[in-house]
Amino acid sequence: MRIAFLVAPEGVEQVELTDPWKNVEHAGHTPRLVSTTAGRIQAFNHLDSADTFQVDQTVDETSADEYDALLLPGGVANPDALRMDDDAVRLVKTFCESGKLVAAICHAPWTLIEADVVRDRTLTSWPSLQTDLRNAGAHWVDEEVVVDDDGPFPLVTSRKPDDLKAFCETVVNQLGG
């Protein structure tokens, strides 16, 4: 299976990108880094610059049809930038409309809110997003990982880096590996 990891050019929380990436890859799937610009993205360890990573495809040259699932890592700046990019929001919405697995951790549900795909869904996130999610029509819960299969696409969400073990295991399980 091919998994799109969608990130902004800077601001992704590195561990929320690298841990799921390694787990997906270890399970035999093919992760691909998708961003709004070509080149390298700048990851962060909270507020400090971390490593850079090579982009495989840009959102304007990517289609949900090319992938089996979408993974949205967090970080504060990353989803804030993505939700301001029409092509990124459109790609997220297309993934959701296609019925494919979507997984998001930490602040990443901001992009799901912008794509208007959280209404009547149960999910978790970094606690500061709970009001935004409720205002968008979601049911927010404070749990390590949440799987919501009651909508048009399977949705896996987690709160923070401390939840990565459960998040990664759940994503891999949902992918069938």
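See the structure shown above.
Note that this is a predicted model, so its numbers are computed, not measured.

Conventions we followed
- Residues numbered from 1 in each chain as written.
- Predicted model: local features only at pLDDT ≥ 70, side-chain atom pairs only at ≥ 80, totals over all residues.
- Heavy atoms only, no water.
- Phe/Tyr/Trp six-rings, centres within 6.5 Å; stacked < 30°, edge-to-face > 60°.
- Lys NZ or Arg CZ within 6 Å of the ring centre and 35° of its normal.
- Pairing = 2+ DSSP bridges.
- Helix = DSSP H or I, 4+ residues; strand = E, 2+ residues; numbered from the N terminus.
- Contact = heavy atoms within 4.5 Å.
- Axes fitted to C-alpha atoms, helices over the stretch in contact; angles between N-to-C directions.
- Core = buried A, V, L, I, M, F, W, Y, C linked by side-chain atoms within 4.5 Å.
- Buried < 20%, exposed > 50% of the residue type's maximum accessible area, 1.4 Å probe, protein only.
- Polar contact = N/O pair within 3.5 Å; in protein donor to acceptor, adjacent residues only side chain to side chain.
- Salt bridge = Lys/Arg side-chain N within 4 Å of Asp/Glu carboxyl O.

A full pass over the atoms with the stated rule returns 2 aromatic pairs. Between R2 and the ring centre of Y67, over which it is positioned, the NZ or CZ distance is 4.8 Å. For the cation-ring pair, R83 lies above W110, with the distance from its terminal atom to the ring centre recorded as 4.3 Å.

The next subject is the sheet that holds strand β12 (residues 155–158). Pairing is mixed across the open sheet formed by 7 strands, whose spatial order is β6-β3-β1-β7-β8-β12-β11. The open sheet terminates on both sides in strands that have one partner only, identified here as β6 (57–58) and β11 (145–148). With 4 bridges connecting them, strand β7 (residues 69–72) and strand β8 (residues 101–105) associate as parallel partners. Among the inter-strand pairings, L70 is bridged to a residue of β8, identified as V102. Across the sheet, helix α3 (residues 86–97) lies against β1 (2–7), β3 (30–35), β7 and β8, angled at about 135° from β7, the strand it touches most. Packed on one face of the sheet, helix α6 (residues 164–175) meets β1, β7, β8, β11 and β12 and runs near 175° to β8.

Core analysis: the largest hydrophobic core is formed by 32 residues, its most contacted members being L6, L70, L72, V92, F95, V102 and L112. Contributions of two or more residues to this core are made by β1, β7, α3, β8 and α4 (109–114). Sorting elements by how many residues they give to this core places α3 first, with 6 residues. V12, V55, C168 and V171 belong to the second-largest nonpolar core, a separate cluster that totals 22 residues.

Residues V146 and D148 line the buried face of β11, whereas the alternating positions V145 and V147 sit on a face that is not buried. In this sheet, β12 lies alongside β11 in antiparallel orientation, the contact comprising 4 bridges. In the strand pairing of β12, D148 is matched with L155. Hairpin remark: β11 followed by β12, antiparallel, with 6 residues in the connecting loop.

On to the sheet that holds strand β2 (residues 10–13). Strand order across the open sheet formed by 3 strands is β2-β4-β5, with mixed pairing between neighbours. Each having just a single partner strand, β2 and β5 (48–54) make up the two edges of the open sheet. This sheet shows a mean twist of 40° between the axes of neighbouring strands, independent of strand direction. Sheet topology note: the strand β4 (residues 40–45)/β5 ladder contains 5 bridges and is antiparallel. Each residue of the ladder has a partner; that of F44, found in β5, is S49.

Now for the side chain of R159. Tracing the backbone shows R159 in the loop between β12 and α6. At a separation of 3.3 Å, a polar atom in the side chain of R159 contacts the main-chain carbonyl oxygen of E143.

Among all residues save glycine, negative phi is the norm, and among peptide bonds the norm is trans. Its identity is not glycine, yet C106 carries a phi of approximately 65°, on the positive side. For C106, the position within the fold is in the loop between β8 and α4. Owing to a relative accessible area of 6%, C106 belongs among the buried residues under this scheme. Backbone geometry at D120 places phi at a positive 65°, although glycine is not the residue there.

A few words on the pattern of salt bridges. On inspection of all chains with the given rule, the structure shows 8 salt bridges. Residues R90 and D87 are paired through a salt bridge, measuring 2.6 Å at the closest nitrogen-oxygen approach. A residue pair is termed a helical-turn pair when its members lie 3 or 4 positions apart in one helix, as R90 and D87 do in helix α3 at 3 residues. Since its relative accessible area comes to 32%, D87 is described here as partly exposed. Between D142 and R159 there is a salt bridge, with its nearest N and O atoms 3.0 Å apart. Note that D142 is positioned in the loop between β10 (139–140) and β11 and R159 in the loop between β12 and α6, a separation of 17 residues in sequence. Judged by relative accessible area, R159 falls into the buried class, the value being 16%. Linked through salt bridges whose partners overlap, the residues forming this network are D142, R159 and D163.

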